[in-house]
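# Breakdown of the fold
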Amino acid sequence: GHRATVISRTDLGYCLLALGRADEAKATLTPVWQAHESAPDSADASGAAMLLGLARTRSGEAAAAEDLLRKAVAAREKIFGPANPRTHNARSALGECLTALGRAEQAEPLLVAAEAVLAAAYGENDRETKATRARLAAARAALGRPTAR
């Protein structure tokens, strides 16, 4: 599709996820990912993979989401570097997926690192920092550990 249409669909998918409408987000984001799949190492493609991965995770398809989220992390490591907040945002999304898959022990270190980087970059009250903190609390709850905050 046309680049502006793809960007608009990405934005709509993000909004649907924020509203808790994962199934609709998945339907909106699937063609976005398909438009980027042939060149997965772009910023747009990594964003589409991350959002579609979250939509799949939240609609009960975490197993299908893991590969997409790992692609998003790998692409963002290449594009932005491993320490960049955008890379950690993708790691946070992967952490949510791993927790949903019953692998909270793998999610926790990703989420601890992501929370520290996102809080330093964006502040304690930023939406991505708060989302990562909630994911970390879920992972720790799954492991039977108390949350630090």
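Preceding this paragraph is the structure being described.
Residues numbered from 1 in each chain as written. Predicted model: local features only at pLDDT ≥ 70, side-chain atom pairs only at ≥ 80, totals over all residues. Heavy atoms only, no water.

So, on to the packing of helix H5 (residues 85–100) against helix H6 (residues 104–122). Closest axis-to-axis distance for the H5/H6 pair is 8 Å, and the angle between their directions is 150°. As far as their axial angle goes, H6 and H5 are roughly antiparallel. Where H5 crosses over H6, the handedness of that crossing is left-handed. Where H5 approaches H6, its residues Pro 85, Arg 86, His 88, Asn 89, Arg 91, Ser 92, Leu 94, Gly 95, Leu 98 and Thr 99 are matched on the opposing element by Ala 104, Gln 106, Ala 107, Leu 110, Leu 111, Ala 113, Ala 114, Val 117, Leu 118, Ala 121 and Tyr 122. Tallied by class, residues from the contact of H5 with H6 come to 13 nonpolar, six polar and two charged. (Axes fitted to C-alpha atoms, helices over the stretch in contact; angles between N-to-C directions. Helix = DSSP H or I, 4+ residues; strand = E, 2+ residues; numbered from the N terminus. Parallel < 35°, antiparallel > 145°, perpendicular 65-115°, else oblique. Left-handed = near helix turned anticlockwise from the far one by under 90°. Contact = heavy atoms within 4.5 Å. Nonpolar A, V, L, I, M, F, W, Y, C, P; charged D, E, K, R; others polar.)

Quick look at the nonpolar core now. Leu 17, Ala 25, Leu 29, Trp 33, Met 50 and Leu 69 are the most contacted members of the largest nonpolar core, which has 31 residues in total. Those elements that place two or more of their residues in this core are helix H1 (3–18), helix H2 (22–36), helix H3 (43–58), helix H4 (62–80), H5, H6 and helix H7 (127–142). Counting residues per element, this core draws most heavily on H3, which supplies eight residues. Residues contacting Leu 17, with those up to four places away along its chain left out, are Ala 22, Ala 25, Leu 51, Leu 54, Ala 55 and Arg 58. (Core = buried A, V, L, I, M, F, W, Y, C linked by side-chain atoms within 4.5 Å. Buried < 20%, exposed > 50% of the residue type's maximum accessible area, 1.4 Å probe, protein only.)

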